[in-house]
There are 2 protein chains.
Amino acid sequence: MTDQREAARKSIGSRRSPDSAEAILAAAEGLLVDEGYSGFSIEAVAQRARAGKATIYRWWPSKAALLLDVYQRQKRDVEYPDTGDLEEDLFRFLHSLLRHWRETSSGNTFRSLIAEAQANEKARLALADYARERREEIGEMVQRAKSRGDAREDVEPIVVADLLASYAWVHLLIDRLGEPQEEIRRTVRHVLRGVLHQP
Amino acid sequence: MTDQREAARKSIGSRRSPDSAEAILAAAEGLLVDEGYSGFSIEAVAQRARAGKATIYRWWPSKAALLLDVYQRQKRDVEYPDTGDLEEDLFRFLHSLLRHWRETSSGNTFRSLIAEAQANEKARLALADYARERREEIGEMVQRAKSRGDAREDVEPIVVADLLASYAWVHLLIDRLGEPQEEIRRTVRHVLRGVLHQP
């Protein structure tokens, strides 16, 4: 699956002129920063990049595909730490992700990408695919805790990753990126400790 | 807060002609069903409802405001059960919510609402406000489990509600509404039992 995706990316990449592609991605990012999602269109990106709309559509079949590449190009200052303590790892990850979205234009890009993907089933599949890759990275923190014997044997890392990634996404979507550190930590603790009295 | 919101709704409602408002909401819903979010615009709603764009904008200041009313008008066949067992309550709630979104046009409406809210900060606030009301309903299930002595004293119902509602939203946004029942139950169990060995 990953190999196939890599191959697909390379095959797309090889048809692109790197300078033009870079100029288009930079223009798309600049447009989002200046105008926000409501002013974002392929036409406006084309004007800003002095490129043809047809060129953009040839390389990125949809606004969502373009947004995903803009998002992935933005420097990711997000931690996937390995402190030896799962609570600390997950807290730092979530805290750095919300901060990254809040303090750079990447939050706005990702917000726009999620919005765009709602208009188009193929774009949703691409977004789901991207989400799955990220969840695997989060899951590795849980897997390490299992290997250390800190987490229960029957815990599935991907389920934990899914819960915390969803929490982060919705914080972005409803403008709660300023959630205080203690609230983020409280949420991580709930996930780690559970809700019911343990038998 | 709720009183203020009620008052605001009534004050908006009193300026609306009920028949026209109903016709506009029905047209908006029909348009979403027929054309999807990509074909949804105030202009298209106005044409379909044989209403003026100015009328629509006077009653609903944004597409997001209109979508929120369409969503709230759709019959909600979602359970907030009280079985005396928290796992069962939360499982049934999530299962019925995903099914409701999957089997009626409400999923598409809510998807479109979330997308629209990304273009507009006021709309995001309205969405956040709506989300908070729903989370309180989910939190009541957890609160009941606390009252029964099933859940730990230090558990905050709203944190649990936030995690599970976020899980549901993201399933909608990345087309995972067909999640098998056993996966939904597994997620609920993770939340209830936690991840770490309990001290």
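Residues numbered from 1 in each chain as written. Chains lettered and ligands numbered in written order. Predicted model: local features only at pLDDT ≥ 70, side-chain atom pairs only at ≥ 80, totals over all residues. Heavy atoms only, no water.

Secondary structure assignment for chain A yields 10 helices and 0 strands. Judged by the C-alpha coordinates and their principal axes, chain A covers about 65 × 35 × 30 Å. Taking all 199 residues of chain A together, 51% fall into the buried category. Accessible surface computed for chain A: about 9,100 Å², of which carbon and sulfur atoms make up 47%. (Helix = DSSP H or I, 4+ residues; strand = E, 2+ residues; numbered from the N terminus. Buried < 20%, exposed > 50% of the residue type's maximum accessible area, 1.4 Å probe, protein only. Areas by Shrake-Rupley, 256 points an atom, 1.4 Å probe, with all protein chains shown as cover.)

All names here are of chain A. As assigned here, chain A comprises domain 1 (2-60) and domain 2 (86-193). Once you take the C-alpha centre of each, domain 1 and domain 2 turn out to be 26 Å apart. Across the boundary between the two partners, domain 1 contributes 7 residues, which contact 8 residues of domain 2. When the two sides are added together, the surface that domain 1 and domain 2 hide from each other amounts to roughly 650 Å², 47% of it contributed by carbon and sulfur. At the boundary of domain 1 with domain 2, the tally comes to 0 salt bridges. Between domain 1 and domain 2 we count 1 residue pair in polar contact (both at pLDDT 80 or more) in total. Only α1 (2-15) and α2 (18-35) provide two or more residues apiece to the side of domain 1 that touches domain 2. Here the side of domain 1 that touches domain 2 gets 3 residues from one element, more than from any other, and that element is α2. (Domains from an automatic or database assignment. Contact = heavy atoms within 4.5 Å. Buried area = accessible area lost by both parts, 1.4 Å probe. Salt bridge = Lys/Arg side-chain N within 4 Å of Asp/Glu carboxyl O. Polar contact = N/O pair within 3.5 Å; in protein donor to acceptor, adjacent residues only side chain to side chain.)

Once that is clear, we can look at the packing of aromatic side chains. What describes a pair of aromatic rings is the distance from one ring centre to the other and the angle between the planes of the rings. All names here are of chain A. Scanning all chains against the criterion turns up 14 aromatic pairs over all chains. An aromatic cluster of at least three residues, connected via ring pairs, comprises Y71, W101, F110, Y130 and W169. For R135, the ring lying beneath its charged end belongs to W169, and the centroid distance is 5.4 Å. (Phe/Tyr/Trp six-rings, centres within 6.5 Å; stacked < 30°, edge-to-face > 60°. Lys NZ or Arg CZ within 6 Å of the ring centre and 35° of its normal.)

Our next topic: the environment of E43(B). All names here are of chain B. Mapped onto the elements of the fold, E43 is located in helix α3 (residues 42-49). Judged by its relative accessible area of 44%, E43 is partly exposed. Considered as a pair, E43 and L98 are 55 residues apart in the sequence and their alpha carbons are 31 Å apart.

What follows covers the interface of chain B and chain A. Each side of the interface is counted separately: chain B has 48 residues, and chain A has 48 residues. Interface area, chain B with chain A, both sides summed: about 4,500 Å², of which 63% is carbon and sulfur. Taken together, the links from chain B to chain A amount to 6 salt bridges. Taking the shortest distance from any N to any O, the salt bridge between R176(A) and D162(B) comes out at 3.1 Å.

All names here are of chain A. Across its 17 residues, helix α9 (residues 157-173) extends 24 Å between first and last C-alpha, which sits within 8% of the 24 Å expected from 1.5 Å per residue. Extensive coverage of α9 is indicated by the burial of 16 of its 17 residues. Directly after α9, the chain includes D175, whose backbone phi takes a positive value near 55 degrees. (Expected span 1.5 Å × (residues − 1).)

Right, let's talk about the UniProt feature "DNA-binding region" (unreviewed entry) in chain A for a bit. Mapped onto this numbering, the UniProt entry annotates "DNA-binding region" (unreviewed entry) at residues 41-60 of chain A. Helix makes up 75% of residues 41-60 of chain A and strand 0%, and the two end C-alpha atoms of the span are 13 Å apart. (UniProt positions renumbered as here; feature names shortened; annotations may be inferred.)

Glancing now at helix α5 (residues 63-73) of chain B. Buried residues of α5(B): A64(B), L66(B), L67(B), L68(B), V70(B) and Y71(B), and no others. Considering only its buried residues, α5(B) is in contact with α2 (18-35), α3, α4 (53-59), α6 (86-103), α7 (106-117) and α8 (121-147) of chain B.

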